[in-house]
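Structural overview
This is what each chain is made of:
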Amino acid sequence: MCRFVAYLGPPISLASLLTEPRNSLIRQSTHAAERAEPLNGDGFGLAWYDRDVGIEPGIFRSTTPAWANENLRDLARMVSSRCLFAHVRAASQASSVAELNCHPFRWGRYAFMHNGDVGGFPRVRRTLVSELSDESFAAIRGSTDSEHVFALFLDALSEREARQQPDDLARAIERTVGRILELTRRHAAGESSDLNLAVTDGESIVACRYTDDPEEEGESLYVHVGQRYECVDGICRMVDPETRGGAVIVSSERLSDDDGWRPIPRNHLCLIGGDGTARLEPLEG
């Protein structure tokens with residue numbers, strides 16, 4: 001399993017998510033509090049958007065552990081953006097530790113990341129790949145179940161090149177989760193899937209917390225909504241959480257002791273608009 005964080009709001013530095021909070025993502029790479037195994041050392045990745053450059057996100061990924069990469073710390077200090085994805089990886093399902101297997105994944109304007117796994121993926125993969133469009137198949141460059149889920153998502157979008165609203169991304173996530181569960185039931189009966197997913201087009205974000213294991217709550221996921229997120233002298237918090245039109249963070253774990261963190265319920269979507277609003281919806285498998 002892995003840990004990730006997504007941000008949409010007024011521009012902030014990468015360091016505000018990766019290094020400065022008490023429970024920053026880099027700390028979660030060594031001391032994840034809500035996983036049985038606290039280490040996430042099989043690589044990391046970042047995606048960020050700059051409207052002055054274009055609609056596609058910049059990507060930086062590496063197989064080195066996040067805690068040991070000095071380039072990451074320097075980049076985090078210097079780069080800022082209004083839409084950020086960051087991920088630390090713990091390889092699962094015997095997938096190799098390779099740069100192509102590090103999240104986030106990118107295709108055109110979209111960035112995507114995953115915490116969890118597809119149940120029985122080796123048995124599911126052949127049929128999954130055979131049903132993909134040529135374009136989505138070409139998007140797969142690594143060997144992870146996560147990137148194959150992203151390819152399913154790309155095929156689930158109704159108009160790939162059009163600007164998508166949060167509801168469009170959410171419906172594509174719903175179709176993707178439904179297809180994964182259908183494939184798993186057919187080819188790997190009895191296997192369960194954990195699907196904490198996040199996708200963005202740089203204008204909005206949709207994340208989900210999902211598991212079909214009836215005995216488990218699924219991987220942790222939280223949301224925090226406010227006017228502005230700030231880190232001052234090592235203290236990170238949201239300002240004016242009742243004010244709309246500000247910042248939203250989705251994170252595998254609470255980044256700070258701020259009271260505003262809310263758990264995303266099991267099997268729910270979180271839809272985040274460019275106006276700084278967030279809403280939760282049930283996700284039926």
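The structure under discussion appears in the preceding block.
For clarity, every value in this text was computed on a predicted model and none was experimentally measured.

The rules behind each value
Each chain carries its own residue numbering, running from 1 in the direction its sequence is written. Residues qualify for local features only when their pLDDT is at least 70, as the model is predicted, and side-chain atom pairs are given and counted only at 80 or more; totals for whole chains, interfaces and linings, by contrast, use all residues. Where side-chain values are given, they derive from all heavy atoms of the structure, hydrogens and water being excluded. Numbering of helices and strands runs from the N terminus, with a helix taken as a DSSP run of H or I at least four residues long and a strand as a DSSP run of E at least two residues long. A helix is expected to reach a length of 1.5 Å times the quantity of its residues less one. Burial classification: accessible surface area is computed with a 1.4 Å probe over protein chains only, and a residue below 20% of its type maximum counts as buried, one above 50% as exposed, and the rest as partly exposed. In what follows, residue pairs with any heavy atoms lying within 4.5 Å of each other are defined as contacts. Whenever a pair of cysteine sulfur atoms sits within 2.5 Å, that pair is classed as a disulfide. The method works on a 1 Å grid over the protein atoms by themselves. A cavity is a set of points holding a 1.4 Å probe that cannot get out, a pocket is an open set with protein on both sides within 12 Å along at least five of seven lines, and residues with an atom within 4 Å of a point line them. Grid points are joined across faces, edges and corners, and a volume is the space filled by probe spheres set on the points. Should DSSP find at least two bridges between two strands, the strands are regarded as paired. Lines are fitted to the C-alpha atoms to define the axes, a helix being fitted only along its stretch in contact, and any angle between axes, read from their N-to-C directions, falls within 0 to 180 degrees.

**Details of helix α6 (residues 145-156)**
Each α-helix winds once per 3.6 residues, and so residues spaced three or four apart point in a common direction. Look at α6: 17 Å from first C-alpha to last across twelve residues, which is about the 16 Å you get at 1.5 Å a residue. Within α6, eleven of the twelve residues are buried, which leaves it mostly tucked inside the rest of the structure. Here α6 has its buried residues at D145, S146, E147, H148, V149, F150, A151, L152, F153, L154 and A156. Looking at the packing, one finds that the buried side of α6 touches β5 (105-107), β6 (110-117), α4 (121-130), α5 (134-139), α7 (166-187) and β7 (194-200).

**What to know about the state of the cysteines**
Across all of its chains, the model carries one disulfide by this definition. Paired through a disulfide, C231 and C236 show a sulfur-sulfur distance of 2.0 Å. Taking the sign of the S-S torsion, 115 degrees for the link of C231 and C236, the bridge is right-handed. The same class applies to C231 as to C236, namely buried. C270 carries a free sulfur, and the closest cysteine sulfur to it, the one in C208, is 10 Å from it. Accessibility expressed as a relative area gives 1% for C270, which makes it buried.

**Topic: the layout of surface pockets**
Considering only enclosed or pocket space, the largest pocket measures out at about 250 Å³ in volume. I59, R61, E99, L100, F105, R106, W107, A138, A139, R141, E147 and F150 together form the lining of the largest pocket. Those elements giving two or more residues to the lining of the largest pocket turn out to be β3 (58-62), β5, α5 and α6. Top element by residues in the lining of the largest pocket is β5. It accounts for three residues.

**Examining the sheet that holds strand β1 (residues 3-13)**
Strand order in the open sheet formed by seven strands is β3-β2-β4-β1-β12-β9-β13, and the pairing between neighbours is antiparallel. The sheet is open, and its two borders are formed by β3 and β13 (262-263), each paired with just one other strand. Judged from the eight bridges that link them, β1 and strand β4 (residues 80-88) form a sheet pairing that is antiparallel. Its bridge partner being in β4, V5 is matched across the sheet by A86. Sheet strands touched by helix α3 (residues 70-78): β1, β2 (44-48), β3 and β4. Its angle to β2, the strand with the most contacts, is close to 20 degrees.

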